[in-house]
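# Observations on the model geometry
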Amino acid sequence: DAGVIQSPRHEVTEMGQEVTLRCKPISGHNSLFWYRQTMMRGLELLIYFNNNVPIDDSGMPEDRFSAKMPNASFSTLKIQPSEPRDSAVYFCASSTRSTYNEQFFGPGTRLTVL
Amino acid sequence: GESVGLHLPTLSVQEGDNSIINCAYSNSASDYFIWYKQESGKGPQFIIDIRSNMDKRQGQRVTVLLNKTVKHLSLQIAATQPGDSAVYFCAENGNNQGGKLIFGQGTELSVKP
């Protein structure tokens, strides 16, 4: 079975541009998580969805960040406008909706904002 | 607030030795804990988990120990191999019903041949 799929794997853009990151969770999983990883702050949860509904977006840094999950097999994380401090690796993870199940991570998108 | 922290940011061991990676958690309501391994350029991978009704759980070459009295979690890797070199994260659920996990800062394990 395919794991969590993320695209693109690498993105280089200029400050002010819009960036859209994409994620396809594992089929049958009904929870989806977006994380950001940097050397300074480690792995941070940005937002997560249960059954396509956003449950907790308290980790979203500011209004420039938005996430959607239009259906069970697709989610996007958008940054508009992007800034150099947004440079990080962004991970998507999915799991079955349970307190006691591990999350499966995608390979990540390495974003560089110049 | 809730936090999960690791005592040692780096750990260097000789190939064949046993490794112990430690983690402290602060949320006494957490009842589920996970260890993840992250290799360079990859996403975190599940290693082993444990529920709070257990003190110890063993996998293949790995053992997780949970001490709820002092809120401490450890990962033991037996006969450490070069392929074990990675960053290891502990995570707790904070008794969150939605599947949310709180991750620690990570420990980098380096295995010397």
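Described below are features of the structure shown in this document. (Residues numbered from 1 in each chain as written. Chains lettered and ligands numbered in written order. Predicted model: local features only at pLDDT ≥ 70, side-chain atom pairs only at ≥ 80, totals over all residues. Heavy atoms only, no water.)

### Observations concerning the nonpolar core
What counts here: Throughout, nonpolar core names a set of buried Ala, Val, Leu, Ile, Met, Phe, Trp, Tyr and Cys residues whose side chains join them through atoms within 4.5 Å. Residue exposure (1.4 Å probe, protein chains only): buried if accessible area is under 20% of the type maximum, exposed if over 50%, otherwise partly exposed. Note on conventions: DSSP H or I runs of at least 4 residues are helices, E runs of at least 2 residues are strands, and numbering of each starts at the N terminus.
Ranked by internal contacts, the top residues of the largest apolar core, which has 21 residues, are Trp34(A), Leu77(A) and Tyr90(A). Breaking this core down by element, the ones donating at least two residues are strand 3 (19–24), strand 4 (31–38), strand 5 (42–50), strand 7 (65–71), strand 8 (74–79), strand 9 (88–95) and strand 11 (109–113) of chain A. By size, the runner-up hydrophobic cluster in this structure holds 20 residues, among which are Phe33(B), Leu66(B), Ile77(B) and Tyr88(B).

### Topic: the interface of chain A and chain B
Accessible area lost on assembly of the parts is the figure often given for the size of an interface. Rules: Throughout, a residue-residue contact means that at least one pair of heavy atoms, one from each residue, lies within 4.5 Å. As used here, buried area is the combined drop in accessible area, with a 1.4 Å probe, of two parts when they are placed together. Put simply, a salt bridge is a Lys or Arg side-chain nitrogen that is within 4 Å of an Asp or Glu carboxyl oxygen. For this analysis, a polar contact is any N or O atom pair within 3.5 Å, provided that within protein one partner can donate a hydrogen and the other can accept it, and provided that sequence-adjacent residues contribute only side-chain to side-chain pairs.
Every contact between the two is made by 22 residues of chain A and, on the other side, 22 residues of chain B. Roughly 1,800 Å² is buried in total at the junction of chain A and chain B, and carbon and sulfur atoms are behind 50% of that figure. Where chain A packs against chain B, one counts one salt bridge. Put simply, chain A and chain B have four residue pairs in polar contact (both at pLDDT 80 or more) between them. At the level of secondary structure, the elements contributing two or more residues to the side of chain A that touches chain B comprise strand 4 and strand 5 of chain A. Considering every element that reaches the side of chain A that touches chain B, the biggest residue donor is strand 5 of chain A, with five residues.

### Brief notes about the state of the cysteines
Put simply, the rule is: By disulfide we mean two sulfur atoms from cysteines, separated by a distance within 2.5 Å.
Scanning the entire structure with this criterion turns up two disulfides over all chains. With its sulfur 1.9 Å from that of its partner, Cys23(A) forms a disulfide with Cys92(A). Handedness of the Cys23(A)-Cys92(A) disulfide follows from its S-S torsion of about -70 degrees: it is left-handed. Here the residue Cys23(A) occupies a position in strand 3, and Cys92(A) occupies one in strand 9, the gap between them amounting to 69 residues. In this structure, Cys23(A) and Cys92(A) share a single accessibility class: buried. One disulfide in the model links Cys23(B) with Cys90(B); its S-S distance is 1.8 Å. Here Cys23(B) and Cys90(B) share a disulfide; its torsion about the S-S bond, 55 degrees, makes the bridge right-handed. Highlighted residues: Cys23(B) in strand 3 (residues 19–25) and Cys90(B) in strand 9 (residues 86–92), separated in sequence by 67 residues. Of the two residues, Cys23(B) and Cys90(B), both sit in the buried class.

### Overview of the pattern of salt bridges
All names here are of chain A. One pass over the structure, following the stated rule, counts 13 salt bridges over all chains. A salt bridge links glutamate 83 to arginine 64, with the nearest nitrogen and oxygen atoms 3.5 Å apart. Here the residue glutamate 83 occupies a position in the loop between strand 8 and strand 9, and arginine 64 occupies one in the loop between strand 6 (53–56) and strand 7, the gap between them amounting to 19 residues. Take glutamate 83: its relative accessible area is 23%, and that puts it in the partly exposed class. Residues participating in the shared-partner salt-bridge network are Glu62, Arg64, Glu83, Arg85 and Asp86.

### Examining the pairing of strand 5 of chain A
All names here are of chain A. Stated formally: A pair of strands is labelled paired if DSSP reports no fewer than 2 bridges between them.
Here strand 5 lies mainly inside the structure; nine of its nine residues are buried. Count of turn residues in the strand 4/strand 5 antiparallel hairpin: three residues. Where strand 5 folds back on strand 6, the antiparallel hairpin that results is connected by two residues, among which asparagine 51 adopts a positive phi of roughly 50 degrees.

### Quick look at the packing of aromatic side chains
The condition that has to hold: Aromatic rings from Phe, Tyr and Trp, with only the six-membered ring used for Trp, were paired whenever their centres fell within 6.5 Å, and each pair was classed as stacked if the ring planes differed by under 30 degrees, edge-to-face if by over 60, and tilted otherwise.
In the structure shown here, the tally under the stated rule is ten aromatic pairs over all chains. Ring plane angle 85 degrees and centroid distance 5.5 Å describe the contact between Tyr35(A) and Phe103(B), whose orientation is recorded as edge-to-face. With one member in each of two chains, Tyr35(A) in strand 4 and Phe103(B) in strand 10 (residues 102–103) form a pair that bridges those chains. Since its relative accessible area comes to 1%, Tyr35(A) is described here as buried. According to the relative accessible area criterion, Phe103(B) is buried, its value standing at 7%. Summarising the aromatic geometry, the rings of Phe89(B) and Phe103(B) are spaced 6.5 Å apart at their centres and angled 80 degrees between planes, so their arrangement reads as edge-to-face. With Phe89(B) in strand 9 and Phe103(B) in strand 10, this pair connects stretches of sequence that are 14 residues apart. Taken together, the aromatic side chains of Phe33(A), Tyr35(A), Tyr48(A), Phe91(A), Phe105(A), Tyr36(B), Phe89(B) and Phe103(B) make up a single cluster linked through ring pairs.

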